[in-house]
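# Architecture and fold: a report
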Amino acid sequence: MPKTKRRADGRYCRQIYIGKDPSGKRKYHTVYASTAKEADRLAAEYRAALGRGLDPSAGPRTVKDLLDALIATKTAQGVGASWLRSLGNHRDHLRPMWSMQADKVRTDDVQAMLNRLAAEGNARAGSAGGPLSHKTLGQIAGTLSAAFALAIPEVVQYNPCDRAVVPAGVPPKRREWLDEERQGWVLNTPHRAQRAAMVMMLAGLRRGEATALTWADVDVDKRTISVTKSWDFAAGRVKGPKTAAGERVVHIPRLLADYLRAERKADPDTLYVVHSARGMRMSDMAWRRLWNSYMCDLNIKYGYHGAVSKHATRGGAIPVVVRTFTPHELRHTFCTILYRSGVDVLTARDQMGHSSVQVTQEIYTHLDAKYKAKKMEALDEYLAVSV
């Protein structure tokens, strides 16, 4: 029986006989480990892999092969289109490693790649690059680690990502929310997008949740919205909420309940609360057009005070002079309203549908620091006048 040997570099190696090549020469596969026991374990796993049909004569597998195999596996598992899109983005960020032979990749190779992304970013085809945040770097490292984990022990003997350290990266972008002035824009500006904006700002629904929302999910008398589904724009199908906690009953303020009651009376024959001009479910393109029109109208009303027409220039390309906002900023505004209303963090988590209280706590902590600073500024102003 072959013995486990210790190499000059301190690693232990073990050879496994895998047959003969066409010329009759014996062929071996060698595994390496930091201990003799670990080398024996890897050798046993490799023999087991041979028994499951591993073809030792197959050519070397590259990092891209492993990443493609991971995406194929996730596709077969039926994960959401947005998840698959993220995996594809992570794979593209790792392009400099694609051609590397998988079983030759070491921890320092992975570390060098992460350090490069942290310092320089990585431009995808046709898009601008730039340094990445710690969260994004961690997601990229996680994707690479998952790809290597699937290849053990058939292709690689260990995961080179296990000891890699995710760099700090650039500071993450702070979640934005609407100040009182822009909240007033939403409340007081009639537009076909106003209904969507009100639901997201005063009930905290995500865009996909708002897209799938039907009138049957809304109880204006009990002042609740039942969130049980979401719309997957990439896959073009209904799915569950983003997380298990995303399935929830949101208690809405009277302001929103009264608004939706009036909207329902004016729109009695539609299925969806937020719908296209023809009463159909909103597509991604329909959302873009609707939101562009909404931001254009807000820009004219509050930036130019109605002094110009949205068709004043070709294509309505009027310079934007107001601070516009995204649908997700409206959802974050709902969390801000909960905080300022004194709603405790656990109740806010349930209303927002966050996967963990830590997500809500992070928002609350940031808001706490922000509003405490404002209160201290008010104290300075008071003392300046009184003293």
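In case you missed it, the structure is sitting above this.
Residues numbered from 1 in each chain as written. Predicted model: local features only at pLDDT ≥ 70, side-chain atom pairs only at ≥ 80, totals over all residues. Heavy atoms only, no water.

## A short note on the overall build of the chain
The helix and strand tally for the chain stands at 13 helices and eight strands. Residues counted as buried form 40% of the 387 residues belonging to the chain. Looking at the chain alone, contacts between residues at least 24 apart form 59% of all its contacts between residues at least 6 apart. For the chain, the exposed surface amounts to about 21,500 Å²; the carbon and sulfur share of it is 54%. (Helix = DSSP H or I, 4+ residues; strand = E, 2+ residues; numbered from the N terminus. Buried < 20%, exposed > 50% of the residue type's maximum accessible area, 1.4 Å probe, protein only. Contact = heavy atoms within 4.5 Å. Areas by Shrake-Rupley, 256 points an atom, 1.4 Å probe, with all protein chains shown as cover.)

## Let's talk about the sheet that holds strand β8 (residues 248-251)
Spatially, the three strands line up as an open sheet ordered β4-β5-β8, and their pairing is antiparallel. Bordering the open sheet on either side are β4 (218-219) and β8, each of which pairs with just one other strand. Examined bridge by bridge, strand β5 (residues 224-227) and β8 share four bridges and lie antiparallel to one another. Bridge pairing links V227 to R248 in β8. (Pairing = 2+ DSSP bridges.)

## Focus on the sheet that holds strand β2 (residues 12-20)
Reading across from one edge, β1-β2-β3 is the order of the three strands in this open sheet, with antiparallel pairing throughout. The open sheet has two edge strands, β1 (5-6) and β3 (26-33), and neither has a second partner. Relative to β2, β1 runs antiparallel, the two being bridged by two bridges. By the bridge assignment for β2, K5 is matched with C13.

## Brief notes about the packing of helix α6 (residues 180-188) against helix α11 (residues 327-340)
Two numbers describe how α6 lies on α11: the axes approach to 12 Å, and their chain directions differ by 115 degrees. Crossing of α6 over α11 shows left-handed handedness. On the side of α6, the interface is formed by E180, R182, Q183 and V186, while α11 contributes E329, L330, T333, I337 and R340. Broken down by class, the residue content of the contact of α6 with α11 amounts to three nonpolar, two polar and four charged. (Axes fitted to C-alpha atoms, helices over the stretch in contact; angles between N-to-C directions. Left-handed = near helix turned anticlockwise from the far one by under 90°. Nonpolar A, V, L, I, M, F, W, Y, C, P; charged D, E, K, R; others polar.)

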